[in-house]
Amino acid sequence: GNSNNKDDSTMSEGGKQGWLGRSAFLLSTGEDGQGKLYGICLYWNEPFLSKDPVTGEYRTLQSRKCFCVLTRLPFFEIHYKVLSMLVQDRA
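Now for a look at the structure at hand. Bear in mind that the values here come from a model prediction, so they are computed numbers and not experimental data. (Residues numbered from 1 in each chain as written. Predicted model: local features only at pLDDT ≥ 70, side-chain atom pairs only at ≥ 80, totals over all residues. Heavy atoms only, no water.)

Applying the stated criterion across every chain, the model contains 3 aromatic pairs. The interplanar angle of 75° and the centroid separation of 5.8 Å between the aromatic rings of tyrosine 38 and phenylalanine 76 together place this pair among those described as edge-to-face. Taken together, the residues span a long stretch of sequence, with tyrosine 38 in strand 2 (residues 38-51) and phenylalanine 76 in helix 2 (residues 76-90) at a distance of 38 residues. For tyrosine 38, a relative accessible area of 12% corresponds to the buried category. (Phe/Tyr/Trp six-rings, centres within 6.5 Å; stacked < 30°, edge-to-face > 60°. Helix = DSSP H or I, 4+ residues; strand = E, 2+ residues; numbered from the N terminus. Buried < 20%, exposed > 50% of the residue type's maximum accessible area, 1.4 Å probe, protein only.)

This is the structure we're talking about:
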């Protein structure tokens, strides 16, 4: 079928989609009078340097980052690709 038209039952199994990796998740809201709101979020760990206040030495730590797209259009695969490009640009 068309991968851009997902209903709630398909979305709940979104982790099984080949394009949806371990670092992403899908969500949806109920009807709000204007229609359903869909979201896809992509998260990753980003390294940064931190100075130890006692020793003065620098060490690399990880910070969890997340980008989300909220939309009324359930085009999950396209939104995932856009988010992936944004994350790659940060690397």
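Now that the structure has been shown, the text picks up again.
Here we take up the nonpolar core. With 10 residues, the main nonpolar core is built from Ala24, Leu26, Tyr38, Ile40, Leu42, Trp44, Phe76, Tyr80, Leu83 and Val87. Mapped by element, the contributors of at least two residues to this core are strand 1 (24-28), strand 2 and helix 2. Non-local contacts of tryptophan 44, meaning those with residues more than four positions away in its chain, are made with Ser63, Arg64, Lys65, Cys66, Phe67, Val87 and Arg90. (Core = buried A, V, L, I, M, F, W, Y, C linked by side-chain atoms within 4.5 Å. Contact = heavy atoms within 4.5 Å.)

What follows deals with helix 2. Over its 15 residues, helix 2 extends 21 Å from the first C-alpha to the last, a length consistent with the 21 Å expected when each residue adds 1.5 Å. Within the sequence span of helix 2, burial applies to Phe76, His79, Tyr80, Leu83, Ser84 and Val87. Each buried residue of helix 2 sits inside an arc of 140° when the element is viewed along its axis, so together they form one side. Exposed residues pointing more than 90 degrees away from the buried face of helix 2 are listed as Gln88 and Asp89. (Expected span 1.5 Å × (residues − 1). Arc of directions from axis to C-beta.)

With that settled, the discussion passes to the pattern of salt bridges. Applying the stated criterion to the full structure yields 1 salt bridge. Here lysine 81 ties to glutamate 77 by a salt bridge, and the two come within 3.9 Å at their closest N and O atoms. Taken together, the positions of lysine 81 and glutamate 77, both in helix 2 and 4 residues apart, correspond to about one turn of that helix. Classification of glutamate 77 by relative accessible area gives partly exposed; the value is 22%. (Salt bridge = Lys/Arg side-chain N within 4 Å of Asp/Glu carboxyl O.)

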